[in-house]
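Close look at the chain arrangement
So you can see what is in the structure, the chains are spelled out below.
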Amino acid sequence: MPMNYNNAKELIEKSSYITIVGHINPDPDTLGSGLGLWWVLKKLQKRVDAVYVSRPLPQFLSWMPGFDKIKSAISDKTDLIISVDCGSFDRLGIDIPLGVKLINIDHHQSNSNYGDINIIEPEFASASEVVYKLVSISKWPMPKEAAENFYTALVSDTGFFSYEGVDKRVFEFAKELIEYGVKPDVIARNLKENEPLSKLRLLPLALQTLKLYLNAKVAGLEVTQKMFEQSGATVNDTDDLVNYARSLATVEVGFLIREESDGSLKVSLRSKNYVNVSKIAESFGGGGHVRAAGYTVRNITKDNLVNCLLDKITKEL
Ligand code: 5GP
Ligand code: MN
Ligand code: MN
């Protein structure tokens, strides 16, 4: 057994109160990885909480098993924290109580190894596969609800098996989850045909901002606070908007700039074939994956942000 997996297994088995945490603005991978592990540890008779600090939680994911058990704060009884799908400590949005150990389970190539134990698999398409590997080699039980969460995480982070990095291993993981009782069509319907009206109302407002740059190899979209007010949408409704920018035939890099309620600007980057957007995001203090990354900036105008970003992209095109 690889050493970091073995150390994590031993620490988890001897801990008495475990808290699982994910990244801020939780997506299906951080929720599915965390809630899946929550079901496994419950089955192991552990005292365990799943804590996600962002509010509002993405209600369109409320069907994920265990969603209704999510807590917003870390119990002072906690003696071990496990983070899932989070590349940098600041994106957890939490403080670690004194003396509490942290296990960092992730798949971001930009992960900064902020845990006492770090299990990082940059080749894996979703964090849920890393959690599943720990569960399998530890020979822990796998309830059906855990498999459903892991599968939701997997299909979301692979764009339903369509992104770069989808290979035989990903399908083998999916097959094993199906053997634990996952119904792929049910999860696909829950993920794809369960949209709030506010999200569809936001779409035309955002698409109207589309701009092309650098011989139409780059496309940018914007979401403003005013659009949130007009549509009734929240940050949880913006997750896949950036894919519209990337979907254009000529485009290699798509980006989305989202105005946050505190005045900061959140940038999402996506590339199609060859630009390493994680490298670009890291140069602005963010991170992510080769084809999907992001960062947040403050005290800068949008025009300035776009100019700085296009400068970096030009070097990679
Ligand atoms: P999104 O654009 O959907 O927010 O994020 C794309 C990917 O980049 C995700 O894997 C996400 O975790 C990562 N990411 C987004 N923003 C940041 C950031 O500010 N810092 C880091 N380290 N990763 C980010
Ligand atoms: Mn994520
Ligand atoms: Mn992920």
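Bear in mind that the values here come from a model prediction, so they are computed numbers and not experimental data. (Residues numbered from 1 in each chain as written. Chains lettered and ligands numbered in written order. Predicted model: local features only at pLDDT ≥ 70, side-chain atom pairs only at ≥ 80, totals over all residues. Heavy atoms only, no water.)

This part takes up the overall build of the protein. Check the secondary structure of the protein and you find eleven helices and eleven strands. Relative to the compact-globule value of 20 Å for 317 residues, the protein shows a C-alpha radius of gyration of 19 Å, a close match. On the principal axes, the C-alpha backbone points of the protein span a range of 55 × 45 × 35 Å. Looking at the protein as a whole, 52% of its 317 residues are labelled buried. For the protein, the share of sequence-separated contacts (at least 6 apart) that also reach a separation of at least 24 residues comes to 62%. Accessible surface, the protein as shown: approximately 14500 Å² in total, 50% of it carbon and sulfur. (Helix = DSSP H or I, 4+ residues; strand = E, 2+ residues; numbered from the N terminus. Rg over C-alpha atoms; globule rule 2.2 N^0.38 Å. Buried < 20%, exposed > 50% of the residue type's maximum accessible area, 1.4 Å probe, protein only. Contact = heavy atoms within 4.5 Å. Areas by Shrake-Rupley, 256 points an atom, 1.4 Å probe, with all protein chains shown as cover.)

Let's shift gears to the coordination of the manganese ion (ligand 2). At the metal site, the manganese ion (ligand 2) is ligated by His23 (NE2), Asp27 (OD), Asp27 (OD) and Asp85 (OD), and these contacts range over 2.1 to 2.8 Å. Between the manganese ion (ligand 2) and the manganese ion (ligand 3) the interatomic distance amounts to 3.8 Å, and Asp85 serves as a bridging ligand to the pair. In this structure, His23 and Asp27 share a single accessibility class: buried. (Donors = N, O, S within 2.8 Å, 3.2 Å for Na, K, Ca; no water.)

We now examine the confidence of the model for the protein. Within the protein, residue pLDDT values average 97, and 100% of them lie at 70 or more. Averaged pLDDT values over the elements of the protein bottom out at 94 in strand E10 (residues 287-288) and peak at 99 in helix H2 (residues 28-43). (pLDDT = per-residue confidence, 0-100.)

On to the UniProt feature "domain: DHHA1" (unreviewed entry) in the protein. Per the UniProt record, the feature "domain: DHHA1" (unreviewed entry) sits at residues 227-311. Taken end to end, residues 227-311 comprises 32% helix and 26% strand; its first and last C-alpha atoms sit 28 Å apart. (UniProt positions renumbered as here; feature names shortened; annotations may be inferred.)

In this section: the coordination of the manganese ion (ligand 3). Summarising the metal site, the manganese ion (ligand 3) is bound by the protein donors Asp29 (OD), Asp85 (OD), His107 (NE2) and Asp157 (OD), whose distances to it range over 2.1 to 2.3 Å. Mapped onto the polypeptide sequence, the residues donating to the manganese ion (ligand 3) form the spacing pattern D-x55-D-x21-H-x49-D. Among the residues examined, Asp85 registers a relative accessible area of 2% and is labelled buried. In this structure His107 comes out as buried when scored by relative accessible area, which is 2%.

Once that is clear, we can look at the domain arrangement of the protein. Parsing the protein into structural domains produces domain 1 (3-192) and domain 2 (197-316). The C-alpha centroid of domain 2 is placed 26 Å from the C-alpha centroid of domain 1. Between domain 1 and domain 2, the contact holds 13 residues from the first and 19 residues from the second. For the pair domain 1 and domain 2, the summed buried surface comes to about 1100 Å²; carbon and sulfur atoms form 41% of the total. Summed over the shared surface of domain 1 and domain 2, the number is one salt bridge. A salt bridge links Glu164 to Arg291; the shortest N-O distance between them is 3.0 Å. At the boundary of domain 1 with domain 2, the tally comes to four residue pairs in polar contact (both at pLDDT 80 or more). Its residues assigned to classes, the side of domain 1 that touches domain 2 shows five nonpolar, five polar and three charged. (Domains from an automatic or database assignment. Buried area = accessible area lost by both parts, 1.4 Å probe. Salt bridge = Lys/Arg side-chain N within 4 Å of Asp/Glu carboxyl O. Polar contact = N/O pair within 3.5 Å; in protein donor to acceptor, adjacent residues only side chain to side chain. Nonpolar A, V, L, I, M, F, W, Y, C, P; charged D, E, K, R; others polar.)

Right, let's get into the sheet that holds strand E11 (residues 292-297). Strand pairing in a sheet takes place through backbone hydrogen bonds and is either antiparallel or parallel in direction. Reading across the sheet, the six strands line up as E6-E7-E8-E9-E11-E10 and stay open at both edges, with mixed pairing between neighbours. The two strands at the open ends of the sheet, each matched to only one other strand, are strand E6 (211-213) and E10. Of the strand pairs in this sheet, strand E8 (residues 253-259) and strand E9 (residues 265-271) are connected by seven bridges, and their pairing is antiparallel. Counterpart to Val253 in the pairing with E9 is Ser271. (Pairing = 2+ DSSP bridges.)

Attention shifts here to the site of ligand 1. The immediate surroundings of ligand 1 are formed by 14 residues, with Arg91, His108, Lys266, Ser268 and Arg270 found nearest. Note that a nitrogen atom of ligand 1 is positioned 3.5 Å from one of the side-chain N or O atoms of Ser88. Burial of ligand 1 by the surrounding chains reaches 85%, relative to a free accessible area of 500 Å². Listed by contribution, the elements that provide at least two residues to the shell around ligand 1 are E9, E10 and E11. (Near = heavy atom within 4 Å.)

Another aspect to go through is helix H4 (residues 144-157). Residues spaced three or four apart along an α-helix point in a common direction, a consequence of the helix completing one turn every 3.6 residues. Taking 1.5 Å as the rise per residue, H4 with 14 residues should run 20 Å; its terminal C-alpha atoms sit 20 Å apart, in good agreement. In terms of burial, H4 is a largely internal element, ten of the 14 residues being buried. Regarding H4, the residues found buried are Ala146, Ala147, Glu148, Asn149, Phe150, Tyr151, Thr152, Ala153, Leu154 and Val155. (Expected span 1.5 Å × (residues − 1).)

If the charged atoms of two oppositely charged side chains come close together, the side chains can form a pair. Using the criterion set out here, one finds 16 salt bridges in the structure. Note that Glu13 and Lys9 form a salt bridge whose closest N and O atoms lie 2.8 Å from each other. Separated by four residues within a single helix, Glu13 and Lys9 lie in helix H1 (residues 3-14), roughly one turn from each other. Taking the relative accessible area as the measure of exposure, Lys9 reaches 17% and is therefore buried. The residue Lys71 makes a salt bridge to Asp49 at a minimum N-O spacing of 3.2 Å. Taken together, the residues span a long stretch of sequence, with Lys71 in the loop between strand E2 (47-51) and strand E3 (80-84) and Asp49 in strand E2 at a distance of 22 residues.

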